[in-house]
Amino acid sequence: PSMRALQRCWTEENFVNQINEFVPDKFYRQFLKFYVAWFNKDIYKYIPEKNLKEIYGISLSFSDKYDYIGPKYYRILNYHSAHDIGHALSDFGMVGCSSFAVNKEFSEDSSLLIARNFDFYINDDFAKDKLLVFVNPSDGGYKYASYSWVGLTGVVSGMNEKGITVTINGSKSDIPNKAKEPISILAREILQYAKNISEAINIAKKRETFVSESLLIGSENDDEAVIIEKTPTKIAIYKPKKNYLICTNHYQSDLFINDSVNRKNIQNSDSKYRSDRIDELILQNSPLNYVKAAEILRNKNGMNNKNIGYGNPKALNQLIAHHGIIFKPKEKKIWISALPYQMGKFICYDLNKIFRGEEKYSVDSFNISEDSFLLTKQYKQYEDYKRIKEKIKKFVLLDIPFSISEKSIIAFINNNPNNYITYMMLGDYFRKNKKYKRAINYYKQALCYDVASNNEIMIIKKNIEDCKTSQ
């Protein structure tokens, strides 16, 4: 098999393994399979035929190993809605992307600069299998570059030859009752056919999607960035009053700012906090260049540089990112992050050279060095902490046997002492073991730290009350 085929098999294996892990019961997995098939039964009606043909062609290289789930074409077609379903589940704290754009006085050379963290997380192995593609469409449109994962024909982060950039951020929406066009296919269409913001907006207006999403559109021709805020029923355009733009996971336009769902999202999630943190860092570090932009994407602290623990969802760098990416439309340069997260080296590519067909198209002199945090004791401690955290989570949610010694509890806390999740996880562990007094103690400790959202504060408080009742 080709290397591409092996990569596709590996990507699907990671995806399927994660489902099997979180849905271990075969009966429920079978139910889930039939539910997804029913949910997505009309998805082909909302995807352009040429995209369906492309998905079919790619599906031919996927493995026979998972044919028990369904025919390859229908599997890959359904996988294209995974991002949207994941964002629908963002209400449960699964994703939290952050992005921003600066120009004029906030940019070092006054030109548009855009940066984003893509925090769509399945597992660490899935994030290892990234793919940067350069596309010269045979069916018309503009050449473009896209950074995502093997097998996805849509776009989550990309730029075209006309200097249009697209990044997508989920927002709170009602749980959908059927699939429509996946947001990544819409983002792909914008990259392939739009040369300015007006054309991007017109494309977005024509398409029906099934979750709420923000599309941050940057444009060399317009020398600005805007956010297309789209729900299954409405669309709005948000243009900043300043020469910088911030996008997390809530809406900002006049149409949606007072919407009850949006207001509840702002009040109860960590989205507004991350937005405020980006605002703080832009003002502190302006004018920005691509190196400073990467430093913002990699920032692990809270407001006023407070240590809120590693992996806190309030941080811009939650240590889960599938990738970080930076765009400079005027120069047609992109910077993409290598492993791990967005802390590995940012590699620079010159799209002008790529689209001209030149053999040498990476620009080593513009690469951004890996985050020095990777060389520290604290990073090693965090990785140790994360391994124990995952074992606790699987024990609590999936009944996978796990026991932690008193010595290991002390090490677990010392490896990430400022993160509320440390104590919340220990509370969950002891609650599962029916040691309610110790569980209450750790839950109360969690509330002494920077809990990411009001939703989680309410969950922790409810857990404390449940433990009291169960004593």
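Parameters at a glance
- Residues numbered from 1 in each chain as written.
- Predicted model: local features only at pLDDT ≥ 70, side-chain atom pairs only at ≥ 80, totals over all residues.
- Heavy atoms only, no water.
- Helix = DSSP H or I, 4+ residues; strand = E, 2+ residues; numbered from the N terminus.
- Buried < 20%, exposed > 50% of the residue type's maximum accessible area, 1.4 Å probe, protein only.
- Contact = heavy atoms within 4.5 Å.
- Areas by Shrake-Rupley, 256 points an atom, 1.4 Å probe, with all protein chains shown as cover.
- Core = buried A, V, L, I, M, F, W, Y, C linked by side-chain atoms within 4.5 Å.
- Pairing = 2+ DSSP bridges.
- Axes fitted to C-alpha atoms, helices over the stretch in contact; angles between N-to-C directions.
- Left-handed = near helix turned anticlockwise from the far one by under 90°.
- Nonpolar A, V, L, I, M, F, W, Y, C, P; charged D, E, K, R; others polar.
- Polar contact = N/O pair within 3.5 Å; in protein donor to acceptor, adjacent residues only side chain to side chain.
- Parallel < 35°, antiparallel > 145°, perpendicular 65-115°, else oblique.

## A word on the overall build of the protein
Here's step 1: The helix and strand tally for the protein stands at 17 helices and 13 strands.
Here's step 2: Within the protein, the fraction of its 471 residues that count as buried is 55%.
Here's step 3: The contacts of the protein with a sequence gap of at least 6 include a subset with a gap of at least 24, amounting to 63%.
Here's step 4: For the protein, the accessible area works out to roughly 20,900 Å², and carbon and sulfur atoms hold 52% of it.

## Focus on the nonpolar core
Here's step 1: Formed by 34 residues in total, the largest nonpolar core has its most connected members in Tyr420 and Ile460.
Here's step 2: Among residues more than four places away in sequence, those in contact with Tyr420 are Asn312, Pro313, Ala446, Tyr449, Asp450, Val451, Ala452, Glu456 and Ile460.
Here's step 3: Counting 28 residues, the second-largest nonpolar core is a separate cluster that includes Phe126, Trp149, Val166 and Ala194.

## Section: helix H4 (residues 72–79)
Here's step 1: Counted residue by residue, H4 has six buried out of eight residues, so it is predominantly covered.
Here's step 2: For H4, every residue scored as buried is listed here: Lys72, Tyr73, Arg75, Ile76, Leu77 and Tyr79.

## A word on the sheet that holds strand E12 (residues 333–337)
Here's step 1: An order of E10-E1-E2-E11-E12-E13 is seen for the six strands of this open sheet, with the pairing classed as antiparallel. Because the sheet does not close on itself, it has two edges, and the strands there are strand E10 (244–247) and strand E13 (346–350). Mean inter-strand twist for the sheet, computed between neighbouring axes without regard to direction, equals 10 degrees.
Here's step 2: Across five bridges, the pairing between E12 and E13 is antiparallel. Bridge pairing in E13 places Trp335 opposite Cys348.
Here's step 3: Sheet strands in contact with helix H10 (residues 271–285) are strand E1 (98–102) and E10, and its direction is about 150 degrees off that of E10.
Here's step 4: Packing against the sheet, helix H11 (residues 290–297) makes contact with E1, strand E2 (113–118), strand E11 (323–328), E12 and E13, and its axis sits at approximately 25 degrees to E2.

## Comments concerning the environment of Lys45
Here's step 1: On the secondary structure map, Lys45 appears in the loop between helix H2 (26–39) and helix H3 (49–59).
Here's step 2: Taking the relative accessible area as the measure of exposure, Lys45 reaches 54% and is therefore exposed.
Here's step 3: A C-alpha to C-alpha distance of 8.3 Å links Lys45 and Glu181, two positions 136 residues apart in sequence.

## Some remarks on unusual backbone geometry
What you tend to see is this: most non-glycine residues have negative phi, and most peptide bonds are trans.
Here's step 1: Note that the residue after Ser286, namely Pro287, is joined by a cis bond; omega there is 0 degrees.
Here's step 2: Note that Pro287 resides in the loop between H10 and H11.
Here's step 3: Along the chain, Leu339 connects to Pro340 via a cis peptide bond; the corresponding omega equals -5 degrees.
Here's step 4: Within the secondary structure layout, Pro340 lies in the loop between E12 and E13.
Here's step 5: Unusually for a residue other than glycine, Leu319 sits at a positive phi of about 60 degrees.
Here's step 6: Looking at the element boundaries, Leu319 is found in the loop between H11 and E11.
Here's step 7: Positive phi, normally seen in glycine, also occurs at Asp399, with a value near 65 degrees.
Here's step 8: On the secondary structure map, Asp399 appears in the loop between helix H13 (377–398) and helix H14 (406–415).

## So, the packing of helix H7 (residues 183–193) against helix H8 (residues 197–206)
Here's step 1: Viewed as axis vectors pointing N to C, H7 and H8 meet at an angle of 145 degrees, and their least axial separation amounts to 9 Å. For H7 against H8, the interelement crossing comes out right-handed. Between H7 and H8, the residues in contact are Leu186, Glu189, Ile190 and Tyr193 and Glu199, Ala200, Ile203 and Ala204, respectively.
Here's step 2: A breakdown of the residues in the contact of H7 with H8 according to their chemical character gives six nonpolar, no polar and two charged.

## Section: the environment of Asn419
Here's step 1: Its place among the elements puts Asn419 in the loop between H14 and helix H15 (420–432).
Here's step 2: Along the chain, Asn419 and Ala446 lie 27 residues apart, while their C-alpha atoms are 7.9 Å from each other.
Here's step 3: Residues contacting Asn419, with those up to four places away along its chain left out, are Ile308, Gly309, Tyr310, Gly311, Asn312 and Tyr385.
Here's step 4: Reaching out from Asn419, the side chain makes a polar contact with the backbone oxygen of Tyr310 at a distance of 2.8 Å.
Here's step 5: From its side chain, Asn419 meets the backbone nitrogen of Ile421 in a polar contact 3.0 Å long.

## Remarks on the sheet that holds strand E8 (residues 224–230)
Here's step 1: Read across the sheet, seven strands follow the order E3-E4-E5-E6-E7-E8-E9 without closing on themselves; strand pairing throughout is antiparallel. Every interior strand has two partners, whereas the edge strands, strand E3 (130–135) and strand E9 (235–238), have only one. Strand-to-strand, the axes of this sheet are offset by a mean angle of 20 degrees, without reference to chain direction.
Here's step 2: Pairing analysis gives six bridges linking E3 to strand E4 (residues 144–149), with the strands arranged antiparallel. Among the inter-strand pairings, Val133 is bridged to a residue of E4, identified as Ser146.

## Comments concerning the side chain of Asn299
Here's step 1: Position of Asn299 among the secondary structure elements: in the loop between H11 and E11.
Here's step 2: Within polar-contact distance, the side chain of Asn299 engages the side chain of Arg277 at 3.0 Å.
Here's step 3: Ignoring sequence-local partners within four residues, the contact set of Asn299 consists of Arg277, Leu281, Asn305, Ala315, Leu316 and Asn317.

## Some details on the packing of H14 against H15
Here's step 1: Relative orientation of the contacting elements H14 and H15 amounts to 155 degrees, with a least axis distance of 9 Å. In this view, H14 runs roughly antiparallel relative to H15, as classed from their interaxial angle. Seen from H14, the contacting residues are Ile409, Phe412 and Ile413; seen from H15, they are Thr422, Tyr423, Met425, Leu426 and Phe430.

## Thoughts on the pairing of E1
Here's step 1: Counted residue by residue, E1 has five buried out of five residues, so it is predominantly covered.
Here's step 2: Covered by surrounding structure in E1 are Ser98, Phe100 and Val102 together with Ser99 and Ala101, the residues of both alternating faces.
Here's step 3: Pairing geometry for E1 and E2, over five bridges, is antiparallel. Within E2, the residue paired with Ser98 across the bridge is Asn117.
Here's step 4: Looking at chain direction, E1 and E10 are connected through four bridges and run antiparallel. By the bridge assignment, Ser99 is partnered in E10 with Cys247.

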